[in-house]
Each structure stands twice: as structure tokens, then as C-alpha cells.
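Here is how the chains run, residue by residue.
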Amino acid sequence: MRTRLCSLGWHLLLILLVMATIYPVLQIFSISLRPSNALYSTSLRIIPEDASFESYRVILFEKPFWIWMRNSLIVSFATAILGVTLASTSAYALSRFELRGKNPMLFGILTTQMFPATMLLLPLYLLMRNLGLVNTLLGVVLAYTATALPFCTWTMKGYYDTIPRSLEEAGLIDGLDELGAFWRITLPLAAPALVITFLFSFLAGYAEFIVARTLLVSKDLYTLPLGLESLASTFQTEWANYAAGSLLVAIPVVALFLLLSRYLVEGLTLGGVKG
Amino acid sequence: MRGHFLRFHRWIGWPLVLGLISCAPTSDDPHRLSIWEQMEPAEQRLLHEHLQQFETEHPGVQVDVVHFETENLRNNYQTAALARTGPDLVYGPSDHVGPFSIMGLIEPLENVFSADSLALFLEDAKPSLEGHVLRLADQVGNHLTLVLNRKYVDHVPVDTEDFLEIARSNTVDENGDGKTDRYGIVFNLTEPFWLVPWLGGYGGWVMDENSKPTLDTPAMREALSFVRRLVDEGVIPPSCDYPLADTLFKQGSAAMTINGPWSWESYREQGIDIELALLPRIAGRDSWPQPMTSSKGYSLNRWIPPARHPLAVELLAFLTSARVVGRISEELGTLPSRSDVSQWPRLQANPTLHSSWAQLVKGRLMPVVPEMRVLWDVMRPGLQHVISGRLSPEEAARSMQQSALRKIEELRK
Amino acid sequence: MSRRTVAWWFLLPSALVLGAVVAWPFVYNFWISLTDLGLYTIRDGAHFIGIQQYLRVFAEPDLYRYLLRTLVWTLLNVFFHVLIGVSIALILNRPLRGRSLYRALLILPWALPQYIAALSWRGMFNYEFGSINLLLAKLHFSPIPWLSTEVGAFAAALITNIWLGFPFMMVVALGGLQSIPREMYEAAEIDGAGAWWQLRKITLPLLRPVMMPAIVLGTIWTFNNLNVMWLVTNQGEPGDSSHILVTYVYKAAFNYYRYGYAAAFSVLIFLILLGLTWINYRQASRSTYGA
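Just so it is clear, the model here is predicted, and its values are computed rather than measured.

## Observations regarding the overall build of chain B
Phase 1: Secondary structure assignment for chain B yields 17 helices and 13 strands.
Phase 2: Relative to the 2.2 N^0.38 estimate, which gives 22 Å for 413 residues, the radius of gyration of chain B is 24 Å and therefore close to what a compact globule would have.
Phase 3: Dimensions of chain B, computed from the C-alpha atoms along their principal axes, are close to 70 × 65 × 50 Å.
Phase 4: Sorting the 413 residues of chain B into buried and exposed places 50% on the buried side.
Phase 5: Of all intrachain contacts in chain B linking residues separated by at least 6 positions in sequence, the fraction that spans at least 24 positions is 74%.

## Re the domain arrangement of chain B
Residues and elements named next belong to chain B.
Phase 1: Parsing chain B into structural domains produces domain 1 (32-141 + 293-365) and domain 2 (145-290 + 370-411).
Phase 2: Each side of the interface is counted separately: domain 1 has 17 residues, and domain 2 has 15 residues.
Phase 3: The set of elements that each furnish at least two residues to the side of domain 1 that touches domain 2 consists of helix H4 (94-102) and helix H15 (351-362).
Phase 4: With 6 residues, the single largest contributor to the side of domain 1 that touches domain 2 is H15.

## Brief notes about the pairing of strand E12 (residues 292-301) of chain B
All names here are of chain B.
Phase 1: Among the 10 residues that make up E12, 10 are buried, leaving the element largely enclosed by the rest of the structure.
Phase 2: By the bridge criterion, 2 bridges tie strand E4 (residues 106-107) to E12 in an arrangement that is antiparallel. When the sheet's bridge partners are listed, Glu 107 is paired in E12 with Leu 300.
Phase 3: As paired elements, E12 and strand E13 (residues 364-365) share 2 bridges and run parallel to each other.

## Re the interface of chain A and chain C
Many structure descriptions define interface size as the accessible area lost when the parts assemble.
Phase 1: Listed as interface residues are 84 residues of chain A and, on the opposing side, 80 residues of chain C.
Phase 2: A breakdown of the residues in the side of chain A that touches chain C according to their chemical character gives 59 nonpolar, 22 polar and 3 charged.

## Re the environment of B:Pro213
Residues and elements named next belong to chain B.
Phase 1: Looking at the secondary structure, you find Pro 213 in the loop between helix H7 (196-201) and helix H8 (218-232).
Phase 2: Measuring from C-alpha to C-alpha, the distance between Pro 213 and Ile 408 comes to 9.1 Å, with 195 residues separating the pair along the chain.
Phase 3: The contact partners of Pro 213, leaving out residues within four places of it in the chain, are Val 206, Met 207, Leu 375, Gln 401, Ala 404, Leu 405 and Ile 408.

## Topic: helix H6 (residues 160-169) of chain B
In an α-helix there are 3.6 residues to a turn, and that puts residues three or four apart on one side.
All names here are of chain B.
Phase 1: Of all the residues in H6, the buried ones are Thr 160, Phe 163, Leu 164, Ile 166 and Ala 167. For H6, the angular spread of buried residues about the axis comes to 160°, placing them on one side.
Phase 2: Looking at the buried residues of H6, the elements they touch are strand E9 (183-186) and strand E10 (254-259).

## So, unusual backbone geometry
Phase 1: One non-glycine residue, B:Asn142, adopts positive backbone phi at about 60°.
Phase 2: The phi torsion at C:His140 lies on the positive side, around 65°, for a residue other than glycine.
Phase 3: For C:His140, the position within the fold is in the loop between helix H7 (131-138) and helix H8 (150-177).
Phase 4: With 6 C-beta atoms packed within 10 Å, C:His140 lands in the exposed category.

## Brief notes about helix H12 (residues 245-255) of chain C
Residues and elements named next belong to chain C.
Phase 1: By the criterion of burial, H12 is predominantly enclosed, with 8 of the 11 residues buried.
Phase 2: Within H12, the full set of buried residues consists of Leu 245, Val 246, Thr 247, Tyr 248, Val 249, Lys 251, Ala 252 and Ala 253.
Phase 3: Immediately downstream of H12, the backbone of Tyr 257 shows phi near 60°, a positive value.

## Side note on the sheet that holds E10(B)
Residues and elements named next belong to chain B.
Phase 1: Taken in spatial order, the 4 strands of this open sheet run E9-E10-E8-E11, and their pairing is mixed. Looking at which strands have only one partner, the edges of the open sheet turn out to be E9 and strand E11 (274-277). Each neighbouring strand pair of the sheet contributes to a mean axis angle of 20°, computed without reference to strand direction.
Phase 2: Note that E9 and E10 share 3 bridges and pair parallel. Across the sheet, the residue bridging to Tyr 183 is Ala 254, located in E10.
Phase 3: In the packing of helix H10 (residues 261-269) onto the sheet, the strands contacted are strand E8 (145-149), E10 and E11, and the crossing angle to E11 comes to about 155°.

Cut-offs and rules
Residues numbered from 1 in each chain as written. Chains lettered and ligands numbered in written order. Predicted model: local features only at pLDDT ≥ 70, side-chain atom pairs only at ≥ 80, totals over all residues. Helix = DSSP H or I, 4+ residues; strand = E, 2+ residues; numbered from the N terminus. Rg over C-alpha atoms; globule rule 2.2 N^0.38 Å. Buried ≥ 20, exposed ≤ 12 C-beta atoms within 10 Å, placed from the backbone. Contact = placed C-beta atoms within 7 Å. Domains from an automatic or database assignment. Pairing = 2+ DSSP bridges. Nonpolar A, V, L, I, M, F, W, Y, C, P; charged D, E, K, R; others polar. Arc of directions from axis to C-beta. Axes fitted to C-alpha atoms, helices over the stretch in contact; angles between N-to-C directions.

Quick look at the structure:
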């Protein structure tokens, strides 16, 4: 009885939290239904009187939404894969090996995030121009990877640190080499951190605006945020379409999260292996 | 777990690699022009039609258009042109071109156009700085006018007192819940662009002929007091910013608004029966509010490759030619930038253009010097503090002038 | 491959990417900060003027006010991000029905584009018509002048940014909770320890190593977060009173073309963050890594 009450309490609390979380989302939904392109509303109604789903039709079928989506997905998956690969390996080196200058290196990684990003745009543009990467998706992927790497490396390192070394040593005794031990033992155990890293690098690129705006000019290369900007102008922004597009943008993220959360929270029960 | 991740990779791996490799062509192609713009949607549609025409007349030529939000256009053009790349033509409002010219990012147009062809443009349409023509416009005006909702307002206010009277009688609580359901007047109270007309009306202006700020003046104090009075009388919601004014007027909850040519069509689309009117004469005086006028048009990038330069100039000439300017004016109700076009009988007969022209004559051209940016930035907080009641008009005017002097000084450091 | 070789090969690619994309632009900016690059010098080339720009930065009368505001902004944001994120993760870590639905809904703020989210929050904070004040009125509270007072605007931006940022901490915490061996709880229960004791003595200490990077970097990101403040307060409403350091730098560079000055200011921001993070890092590594 007590546990049931308890669980009811948790549900109530969660429902409250969820309501507070999705209320602003409902506001955006409400904007997407207003054919008058009004950003604000003067009442509490979510569904306006003249509600229409026209904006969703326009976004999906009249705007090059699928091109934006394709580009965003390419960029985000590439960033995520690159980010996870680089972070999981370099963090392993930083967690498992006694390297000279390890601590300065760890700290140095953090310093790369400290400079105000807007001031880095012009030099970044000059660099990418010299590398021939302006107006290429590869250029933005590299920039995003650099943004995501510090967090990813640190998270992976923090997680590796919680995995006992004895497990790898056992693997080495069983005839695995260094790479094998990393690949077959440590990496699978670090699944939750891999998920965090993947998700984070994915999102670093998925809805990023300023770098993309600076580096990409061809319409065929527009990512979602650039596509949405094309709906905006100083005075006559297509708010309904903008809001509809924004909500559609969120769907793949939620889907990806649902797909990955199995490994985030229920994957291998590490406790059992670690004991 | 490992197997699953690997399969994931294989599934998306190839499309990914292909997508990353596909680059855009390089920018040295002599037949491929590009324009960066910050146009409103209707202007964009017209531009595309005109470009199709240009491409038909010039086989093998392709023009790419990239749309930006205004501030993003300025930042990105700056970045690209400082790196000696960027589009051939850049389209935007007046406030950008002064700094662009000083930084050497755009080419002076008197070098590429004959004096005769430049003479066809109205003064407003070819802003110049230090003797250089910075830009040729395809429309002039962009100024605020009074917009009446005819459902509530049956006559054009004769002066500011009449204007206030109309506003008061239209500020009503229809359902008696203690909250105002309809406001007399709504406009953007957070931006000094909406303050400047009153400043001019009371006989002031933002700067003198040497670009020195003139903000701490009786005119500024009176202009601020006037706007403050609207708030005190309750005829405008004190938190009124652009989106709120837009929302209220579109849903018929406001009798009057103050807005520019970009907005009129969207009000009509919402079924509001609008009438354009002059901003009302200042009561007790013979002076009229002076909305800031400006133009929008094309500048030429300083770094166009020589092989493409003639074609870029030709495109600029085409986009500001009489037929294009005339068509924009007819379709969008903006005022033409050329004196030959403004004589067209069918434009002269158009009532919207007529009202807009009447207001334009009362307006005053926005300065293109970089100091203007500073003035906007110092008037904004002053205005907002007066609206919220934290500063009196006197204090606000003084602090505007002080920060303006300091910030203009800093521009050179 | 030897252990050491593996290690260096593992590190090399990351170092290359970070070096190219971040280190070089940094050096470039440092160089600019020693020049008078700006609106009037850009065309003909800037001059080397030593540390003059830095002296100007320190002479800026509002510097300390902005700094204080930025510190409060950062501290409150990170505190609430972690508090809310970790609490939700702890609740969601229990066997509850419909957990994945809750998770999916709670991650939404992270998934949505910030621009529209921040603007619709701004609409919700409107004094007369915003839904927050309308709701307050329904509950018979008096409306709050969110955007027209300095404190109100700060609170509005803060609430918006907390909403935007807690899902990230939630995800990190959810992952971190998996690194805690279950036996520890079992042993504690055998010893008769209560839930509160378990939380304080097992969960939170063991969550730390995984949360640390998120907290340290979250601090840095929030310190330099331009967007939310800029959008919710409409560039510093009311009357330029809601600036933080980065919004000031942004204005100097992009509105006033003072590249040299803005670069010097950015170097200062960098040094402040370096100092803060170093203190943070020393403490964290002493207690978590035993270094």
C-alpha cells in the first residue's frame, strides 16, 4: 500500500513537471495554428478560433523542408560519429595511461570552450576559406566536432574512470591486446556515456545557427535552422510556418532519444559486472 | 551492443560520406552571380520573377539569391567581404551601407555608372558618404504612417489632440471584466524608430549637419513626454512591442496603429478595413511629425572577380531599371526610387501610393553615417525608461546625449 | 602496439581538430586585441598599439556591474539546471510505469530550436497579455512586470534558460546513475540505511565524476551564452540594463565594429573563465580524482 501511494506521488510530481515543461511547447504549437502569423496571443487558449493546419502543409510540401532535414541529419550524424570516435579514444588514453602532461591536457581541452564564440567566427571563416571548406557540409561538421569534443572527451573519461581496470587486465590475460581490451570490454561497459556523447554531438550540430549561417550559403546545403531563417524577415515573419517547422525539427531528436535511451538507462547492468 | 552500433553505422555510413563530399561550385564562375538580401516575402517573390527575366535575357547566366534576417545579413556580409569573398550584390536598408563604405567593403557607384544614369534617381535613392554613392535603391520611403481601422475610426485625426481623443474613445472594456479589450492606438514602444517622428514634429532631429548628436533638446523632451502621455492615458498598452502591436491590430483589438509599407498588405489580408493617414499635426503648432525615411537597394561588392564585374554591374542596372522599379511600386505599394517612374500616370492614380507619398514628403531622410547606429542604441534605453517611468523625459534626454557622445568617441578606438 | 603508442594515436586526431578549429582563431584574436582594428582602420590596415585596448576594457565603467551580473546569471542557471536535472533523473531511475514517455516529453526543450522557444517565452512574459500573468490573475495574484524591470527581465531570461538547459543535465545524470554498482545499495539496505542516507552517501558522491564535466562546461557555456538573454530581453530591455559580458562584447564587435577592443574584452572573459574553472577543477580533482 505504501509503495503504491508513493508511486502515485511520484507520478503526480512528474506530471506537474511535464506540464511545466511542455506548456511553452504548446505555445509554439498554438503559434503554428494561427493563420494570421501572430507571434503573441492575448488569451490563454491554445487552439485559436481560426485554427488551421495549413502551416504544416506549407512547411512539408511547399518549402524545401526535406532538403533542410536531410542536410541537418547528414551534418548531425557525421558530427556525432566523429565526436564519439574521437572522444571515446582520446578519453581512453587520458583515463588509462600515465602520460606526461595528462592533467594540463585535460585542462587544456576545457580552455578551448572559454573564448566567446562570436569572436571566433571571422578567423574560423578565414581558416575554412583557406582549406576550401566554406560552403561545404564538411566544414560545419569539423566546427561542430570541435565544439562537442571537450564535453564528450571529459564525459567519456569520467565514465571510464568508474570502470575498474581489473576487467581489462583480465582481458589481457585472456589473450586480448590493448585495442581488443578497449573494444570488447571497456567500450561496451561505457554504453551510457557513449549515448550521452552521441546525443550531445548530434545536437551540437542539429540546430546550430551561427556557424552554419557563416559558412553555408548554397540553398542546397541549408540545414534546418538556416531553412527556418529563410521564413523570417524584419517585419513580416511567417510565424505559423516557423513554429510548425520548429516542432517538426524536434521530432527526430525525440525519436533518436527514445531509440538510444535503452542504452542510456537500461542497457547493460554495469553493477553486476563491476562487483 | 557493439554489433548494434556497427549496424547503425553501416546503415547511414554511405549516404553520409556522399553528402559530405558534395561541395558547392567555387565562386569564380564568371556566369554565376549572387545576391544577398533581407527582403520581406513579397519583395522576394518579385525579385525571383525579375531574375528569371534577367536569366532569359542573358543565356547561360545564373543568379543565386540568399536570404538573411537583417542583422545576420550585416554580420555575414562583413565577415565574407573582410575575407574578400561574398556575394556580388548586397541588398539592404540604409543603415548598413555607411559602415560598409568606410570599411572599404563596397564599391563606390559613381565609378561604374554615368552621371546621367545616376541623375534619374531621387536623392533618397542614392545615399552618399564622403562623396561616394553607396547604393542604388529600388524603392524609397520605408517610413511610418498612421493606419486607421475604419471599423472604429471614421475620420482622419486633424491634430494630436484629436488623435488622443479618438484613441481615448476607442479604449474600451467591452465585456466589463476590468480589462481593456480594445486599445485606441498600438505601436512599437520599445524602438526609437517610432519615437523619431514625434521628435521631428516638435522641431528636433537626431543629429546636426556635422553628425553631432542633438538629443538633449526641448524637442526630444516634448517627444518623450508625448509618448509617455499616451501610456499615462491608458490608450496604448505600456508593454507594447512590435509583435504585440501587430497581434492586437490584426485581431481588431486596436483602432489605430503606426506602421510602415511592409505591413499594410498583411492587415488587409486579415480582413481589416484600413485607411492610411498622415501622422497627425502637432496640436497648437504648424508642424508635422517627421518619420524617418530611407530606401532599400543594392550595393556592389568591392571584391567581385574582374571577369564577372561587368555582368554584376549589368545586373545592378537591371534591378534598378525603370521597368523593375515601376513594377515593384505597383505590386507592393512602395514608392519608386526613380524620378522617371514616379511620373507614371497609373502610379500617380494609386491611392495607397498617394497617401504614402504625402507622408514621405513630411519625412526626413535617415543619415547613413555610422554614428546613426549609436544614436539608435542610446535612444532605445532612454525611451524604454521613460515608458516604464524610471526616468523623466528630461533625465532621459540628458542621458541619451551623454552616452551618445561617449559612444561616438569610442567608435574611433 | 605498445600501450604508449596506442595512447598517443588515440589522442592525436582530437588534438588536430581542436587545434585547427579553436586554437588558431584564438591566436588570431589575441593578435587583433593588440591592434586598433576598427571601423576607421580596417580599410588601410590596423596598427599595433600594445595593451591600450586592455586599458580601455578596464576603464569601462560598467565592466564590474556586467561581471557581477554574469556571475549571478551563471551560478543560478547551473545550480537550477543541476538541481532539476538530477532530481528528475533520480525519479525517472525508479521503476515507474510510462517512464519513457516522461523522458521523451521532458527532453523537448533541448530538442526545440532555441530561437522560437526564447521568443515564445518572451510572449508569455508580456505584462498585459502574457499567459504567465494571465494565469497569475486566475489564481488571484497580481501581475508581475517581467520585462519592464531590471530584476523582472533577469528573472524572465533566467527562467527561460533554466527551462532550456535542464534536460541536458537530466540526460547526463541518467547516464551517470548507471555507473553506480547496485550492490552498494543492497549492502546499505542490509545495514538498515534509509533512502536519504543512500542518496547522500552513495548516489550523489558516485554521480559526481560523471556530472563534473557537465557542470564545469555548463558553467563555461552559460557564462558565454548570448542568445537567451539577447532574445528574451530584446537586446537588453529595459534600457540596456540586462546585459551580461558577452552581449556587451557582441555589441562592441558587431554593432560598433570595434574589433580590437572586442578582442581584448574577449581575452579578458577567457582569463576570467580560466581562473574560475581552474579553482573549480582543482577542487574537483582533489575530491573526485584524488589527484
